[in-house]
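Chain by chain, the residues run as shown.
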Amino acid sequence: METEHKSAKRGSQSERQEHGDQASEGAGKLYVVATPIGNLGDISARALAVLAQADLVAAEDTRTTGHLLAHHGIVAKLVALHEHNERERAAELVARMRSGKTIALVSDAGTPGISDPGALLVARAMEAGIMVCPIPGANAAIAALSAAGLDAPHFLFYGFLPVKPAGRRAALASLRELPYALVFYEAPHRVTECVADLAATLGGEREIVIARELTKLFEAIHRCRLDQAGAWLAADPNRQRGEFVLIVSGAPEQKQQGLPAEAERVLRLLLAELPLKQSAALGAAITGARKNELYQRALAMRDGAEEE
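Treat the numbers as computed from the prediction; the structure is a model and nothing was measured. (Residues numbered from 1 in each chain as written. Predicted model: local features only at pLDDT ≥ 70, side-chain atom pairs only at ≥ 80, totals over all residues. Heavy atoms only, no water.)

Chemist: I'd like a description of the overall build of the chain, backed by residues and values.
Modeler: Regarding its fold elements, the chain presents twelve helices and ten strands. Across the 308 residues in the chain, those meeting the buried criterion constitute 41%. In the chain, 70% of the contacts between residues at least 6 apart in sequence involve partners at least 24 apart. (Helix = DSSP H or I, 4+ residues; strand = E, 2+ residues; numbered from the N terminus. Buried < 20%, exposed > 50% of the residue type's maximum accessible area, 1.4 Å probe, protein only. Contact = heavy atoms within 4.5 Å.)

Below is the structure:
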């Protein structure tokens, strides 16, 4: 029995170490639980177990979460935690966890803290030394990316753009040169004007993937050029309904004209002291530029100097 006790103690210590020694002795835990973005079946067995066993479920909307729990036959004590009360409610919930209670944090759909409330509570829990455990699951941005078919090894998740047109266009201008796929969330009553600003600011030749009502009955995913997206949305009013994920391909790679400025500078310095062929070889070693390109540029420099 003593061996089993020591083994369990070591396991507990190991668990705390794996979580960065953030767990306070005797404190409860905060589980950050992803919930379905539409289809109620898109929830893991682990998430259901956590929701069933938690002392308290902190929910963005208790009615929405209550419907999800009832669907899966779970009875739980619910408390509201949303953007309007999170600052005040966080202190109360942290106090409960410090006394040993376990809390499951959920938003209306998807993953808490990702364009949803929850980040402040997580931060306060960490500051108090409470163990925070993510329970991964549904996320609209990742679901849309997986079905987008874009050859984009990197992406930037932006979330919701500013509501006012001027602010939206300014935000898009700051993203225009980025080579990454850009992922936005948008509401149905703004999607048409948002797509128009995307095309005007980022360029109509880029591709856009419009993912609507993901995992729900009227799910639709459409891919086209940005300058064609407005007409596609306008062709059927139903295409403007629901929650949207918009994915725009990144800025096209700009082909560099001539040598990089640094390679040009180094080559000029070398040519002032060394023969042409040696300057090109040494310039390639120093700057990483292609030796043949440096040699051709050196020839042009020499010919230009001779003409003068």
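That covers the picture; the talk isn't over yet.
Chemist: Mind laying out the packing of aromatic side chains, listing which residues take part and the relevant values?
Modeler: If you walk through the whole model with that rule in mind, you get three aromatic pairs. Aromatic pair Tyr158 and Phe184: ring centres 5.8 Å apart, planes at 55°, arrangement tilted. Highlighted residues: Tyr158 in strand 6 (residues 155-160) and Phe184 in strand 7 (residues 181-186), separated in sequence by 26 residues. Residue Tyr158 is classed as partly exposed on the basis of its relative accessible area, which comes to 33%. Accessibility expressed as a relative area gives 0% for Phe184, which makes it buried. (Phe/Tyr/Trp six-rings, centres within 6.5 Å; stacked < 30°, edge-to-face > 60°.)

Chemist: Tell me about the side chain of Thr65, and name the residues and values.
Modeler: Here Thr65 lies in helix 3 (residues 62-71). Owing to a relative accessible area of 4%, Thr65 belongs among the buried residues under this scheme.

Chemist: Account for the sheet that holds strand 10 (residues 244-248), naming residues and giving values.
Modeler: Read across the open sheet, the five strands follow the order 6-7-10-8-9; overall the sheet is mixed. The open sheet is flanked by strand 6 and strand 9 (220-225), the only strands paired with a single partner. Between one strand axis and the next, the sheet turns through 15° on average, direction left out of account. For strand 8 (residues 207-212) and strand 10, the ladder comprises five bridges, and the chain directions are antiparallel. In the strand pairing of strand 10, Arg212 is matched with Phe244. (Pairing = 2+ DSSP bridges. Axes fitted to C-alpha atoms, helices over the stretch in contact; angles between N-to-C directions.)

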